[in-house]
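Residues per chain, in single letters:
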Amino acid sequence: MQDRTITTSNPILSASTLSGDKVCNALGEDLGKVEDFMLDLSNGRIRYAVLSFGGFLGMGDKLFAVPPEALRIDTENNELILDVERERLENAPGFDKDHWPETSDHEWERSVYEFYGSTPYWE
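An account of the accompanying structure is given in this report. (Residues numbered from 1 in each chain as written. Predicted model: local features only at pLDDT ≥ 70, side-chain atom pairs only at ≥ 80, totals over all residues. Heavy atoms only, no water.)

Things to note about the overall build of the chain
Inference 1: Scanning the chain from terminus to terminus reveals three helices and seven strands.
Inference 2: Counting from the amino terminus, the chain carries its helices and strands in the arrangement α-β-β-β-β-β-β-α-β-α.
Inference 3: Scored against the burial criterion, the 123 residues of the chain give a buried share of 39%.
Inference 4: Residue pairs at least 24 apart in sequence account for 51% of intrachain contacts in the chain once pairs closer than 6 positions are excluded.
Inference 5: Summed over its atoms, the accessible surface of the chain is roughly 7,400 Å², and 48% of this surface lies on carbon and sulfur atoms. (Helix = DSSP H or I, 4+ residues; strand = E, 2+ residues; numbered from the N terminus. Buried < 20%, exposed > 50% of the residue type's maximum accessible area, 1.4 Å probe, protein only. Contact = heavy atoms within 4.5 Å. Areas by Shrake-Rupley, 256 points an atom, 1.4 Å probe, with all protein chains shown as cover.)

Regarding the sheet that holds strand E3 (residues 45–53)
Inference 1: One open sheet holds the seven strands; their spatial order is E5-E6-E1-E2-E3-E4-E7, and the pairing between them is mixed. Across the chains shown, the open sheet's two edge strands, defined by having one partner strand only, are strand E5 (71–74) and strand E7 (94–95).
Inference 2: As defined by bridge partners, strand E4 (residues 62–66) adjoins E7 across two bridges and the pair is classed as antiparallel. Across the sheet, phenylalanine 64 pairs through a bridge with glycine 94, a residue of E7.
Inference 3: With respect to the sheet, helix H3 (residues 106–115) is in contact with E3, E4 and E7, its orientation differing from that of E3 by roughly 70 degrees. (Pairing = 2+ DSSP bridges. Axes fitted to C-alpha atoms, helices over the stretch in contact; angles between N-to-C directions.)

Some points on H3
Inference 1: What H3 keeps buried is the set Trp108, Glu109, Arg110, Val112, Tyr113 and Phe115.
Inference 2: For H3, the elements touching its buried residues are E3, E4, helix H2 (86–90) and E7.

Focus: the pairing of strand E2 (residues 30–40)
Two faces make up the sheet, and in a regular strand the side chains alternate between them.
Inference 1: Taken together, the three bridges between strand E1 (residues 22–24) and E2 define a ladder with antiparallel strand orientation. What sits directly across from cysteine 24, in E2, is aspartate 30.
Inference 2: From the end of E1 to the start of E2, which pair antiparallel, there are five residues, and glycine 28 there has a positive phi angle of about 90 degrees.
Inference 3: Once E2 ends, the chain turns through four residues before running back antiparallel as E3, passing glycine 44 with a positive phi of about 65 degrees.

Section: the packing of aromatic side chains
Inference 1: Under the criterion given, the structure shown has seven aromatic pairs.
Inference 2: With a centroid separation of 6.1 Å and 55 degrees between ring planes, the pair formed by phenylalanine 53 and phenylalanine 64 is classed as tilted. Here phenylalanine 64 lies in strand E4 and phenylalanine 53 lies in strand E3, a separation of eleven residues in the sequence.
Inference 3: Classification of phenylalanine 53 as buried rests on a relative accessible area of 8%.
Inference 4: Between the aromatic rings of phenylalanine 95 and tryptophan 100, the centroid separation amounts to 5.0 Å while the plane-to-plane angle is 55 degrees, which identifies the pairing as tilted.
Inference 5: Ring pairs connect the aromatic residues Tyr48, Phe95, Trp100 and Trp108, which therefore count as one cluster.
Inference 6: Sitting above the plane of the tyrosine 121 ring, arginine 45 keeps its charged end 4.1 Å from the centroid.
Inference 7: Taking NZ or CZ as reference, arginine 88 lies 3.9 Å from the ring centre of phenylalanine 115, over its face. (Phe/Tyr/Trp six-rings, centres within 6.5 Å; stacked < 30°, edge-to-face > 60°. Lys NZ or Arg CZ within 6 Å of the ring centre and 35° of its normal.)

As structure tokens, this is what we get:
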């Protein structure tokens, strides 16, 4: 994949600033948008970002958990960059908007981190 220049003028942003932002890969392909962020209150960290992808007019979207380390912020284009090909994302661990994963299912979360080549911070 080709690298895009990512500029970040402020290293601190509110979650609401990023919520709803477009997510693209390094090739510029649309991968969906950020729906939410799941917080680990006991550690004061973002556990994962929730990305919606697929569907039509918001119907049938599949949700994906993405480790925060897998995302880069492109402040110039107001979007996030996820270095994964569109076809690979279609096979990522996901969930339905009406059936969110159990917060105690650390095996599922571990598989999410491994899918994106990240090590879970709690290990």
